[in-house]
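# Coordinates in review
Here's the letter readout for the chains.
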Amino acid sequence: MRRDKINYYLDLAEMVSQRCTCLRKHYGAVIVKNDEVISTGYAGAPRGRKNCTDINMCIREKLKIPRGERYELCRSVHAEANAIISASRDKMIGSSLYLTGIDMKTNDYVENSNSCSMCKKMIINAGIDKVYIRDTKDDYRVIDVEEWIAHDESLDGSYGY
């Protein structure tokens, strides 16, 4: 049976997540416009810095920081941010971002996954219209980015990685 396009792009995001260097969660993002992949990104340390997998330590894990808090301590640049900085804004305007996360402890999809508040702001500024987030192998949520703009409080903090 032929895979529908949304799950196809979410599958691509899952494949991209395999490059991730985070010890807690593996996220992959794919930006698509007019059925053309514009950019991909995965969570990992900035170029030239050692990754968590290289030093075998996650500072947020070591300090027992819960999910959704203190991202400034993390060594990684999030998947959405890496995808956005790898694309030109004119190509992203009106595009969709596909996001898949895998919990490394359980190897299951990350429950109730969402972009963090910083990534939400970047997604808005990039001109991306929709975000598709995988919940299970065949199930996903669709977020209209206009909702984030209309509900300004969602940018102040959220469940992210």
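Residues numbered from 1 in each chain as written. Predicted model: local features only at pLDDT ≥ 70, side-chain atom pairs only at ≥ 80, totals over all residues. Heavy atoms only, no water.

## Re the nonpolar core
In this structure, Ile31, Leu97, Ile123, Ile128 and Val131 are the most contacted members of the largest nonpolar core, which totals 20 residues. For this core, the elements supplying multiple residues, two or more each, are strand E1 (25-33), helix H4 (79-85), strand E3 (96-103), helix H6 (117-126), strand E4 (130-134) and helix H7 (145-150). What Ile31 contacts, discounting residues up to four positions off in sequence, is Glu36, Val37, Ile38, Ser39, Ala83, Ile84, Met92, Ser95, Ser96, Leu97 and Ile128. Formed by nine residues, the second largest nonpolar core is a distinct cluster that contains Tyr9, Leu10, Val16 and Tyr132. (Core = buried A, V, L, I, M, F, W, Y, C linked by side-chain atoms within 4.5 Å. Buried < 20%, exposed > 50% of the residue type's maximum accessible area, 1.4 Å probe, protein only. Helix = DSSP H or I, 4+ residues; strand = E, 2+ residues; numbered from the N terminus. Contact = heavy atoms within 4.5 Å.)

## Focus on the pattern of salt bridges
All told, the structure shown has twelve salt bridges when counted by the stated rule. Notably, a salt bridge pairs Asp35 with Lys5, separated by 2.6 Å at the nearest N-O pair. A residue pair is termed long-range when its members are at least 10 positions apart, and Asp35 in the loop between E1 and strand E2 (36-42) and Lys5 in helix H1 (residues 5-17) qualify at 30 residues. For Asp35, a relative accessible area of 47% translates into the label partly exposed. Close ionic contact of Asp135 with Arg141 constitutes a salt bridge, the shortest N to O distance being 2.9 Å. (Salt bridge = Lys/Arg side-chain N within 4 Å of Asp/Glu carboxyl O.)

## Description of a negative patch on the surface
There is a patch of like negative charges on the surface, built from Asp129, Asp144, Glu146 and Glu147. Relative to the elements of secondary structure, Glu147 occurs in helix H7. (Patch = residues over 30% accessible without salt bridge, like charges linked within 9 Å, V, L, I, M, F, W, Y side chains within 5 Å. Areas by Shrake-Rupley, 256 points an atom, 1.4 Å probe, with all protein chains shown as cover. Lys, Arg positive; Asp, Glu negative; His and termini not counted. Charge placed at Lys NZ, Arg CZ, Asp CG, Glu CD.)

## Structural notes on the sheet that holds E1
For sheets, the rule is that strands pair by backbone hydrogen bonds, running either parallel or antiparallel. An order of E2-E1-E3-E4-E5 is seen for the five strands of this open sheet, with the pairing classed as mixed. Single-partner strands in this sheet number two, and they are E2 and strand E5 (140-144). Strand after strand, the sheet turns through a mean of 20 degrees between neighbouring axes, direction not considered. For E1 and E3, the ladder comprises eight bridges, and the chain directions are antiparallel. When the sheet's bridge partners are listed, Lys25 is paired in E3 with Asp103. (Pairing = 2+ DSSP bridges. Axes fitted to C-alpha atoms, helices over the stretch in contact; angles between N-to-C directions.)

## Observations concerning the environment of Tyr9
For Tyr9, the position within the fold is in helix H1. Sequence separation between Tyr9 and Tyr132 is 123 residues, and the spatial gap between their C-alpha atoms is 9.2 Å. Contact partners of Tyr9, with chain neighbours within four places excluded, come to Val30, Val32, Asp35, Glu36, Val37 and Tyr98.

## Digging into the UniProt feature "binding site: Zn(2+)" (unreviewed entry) in the protein
Following the UniProt record, one finds the feature "binding site: Zn(2+)" (unreviewed entry) at His78, Cys116 and Cys119. Spanning 42 residues, the annotated positions come together in the fold, the maximum distance between their C-alpha atoms being 8.9 Å. The buried category is assigned to Cys116, whose relative accessible area is 3%. As for its placement among the helices and strands, Cys119 is situated in helix H6. Among residues more than four places away in sequence, those in contact with Cys119 are His78, Glu80 and Ala81. (UniProt positions renumbered as here; feature names shortened; annotations may be inferred.)

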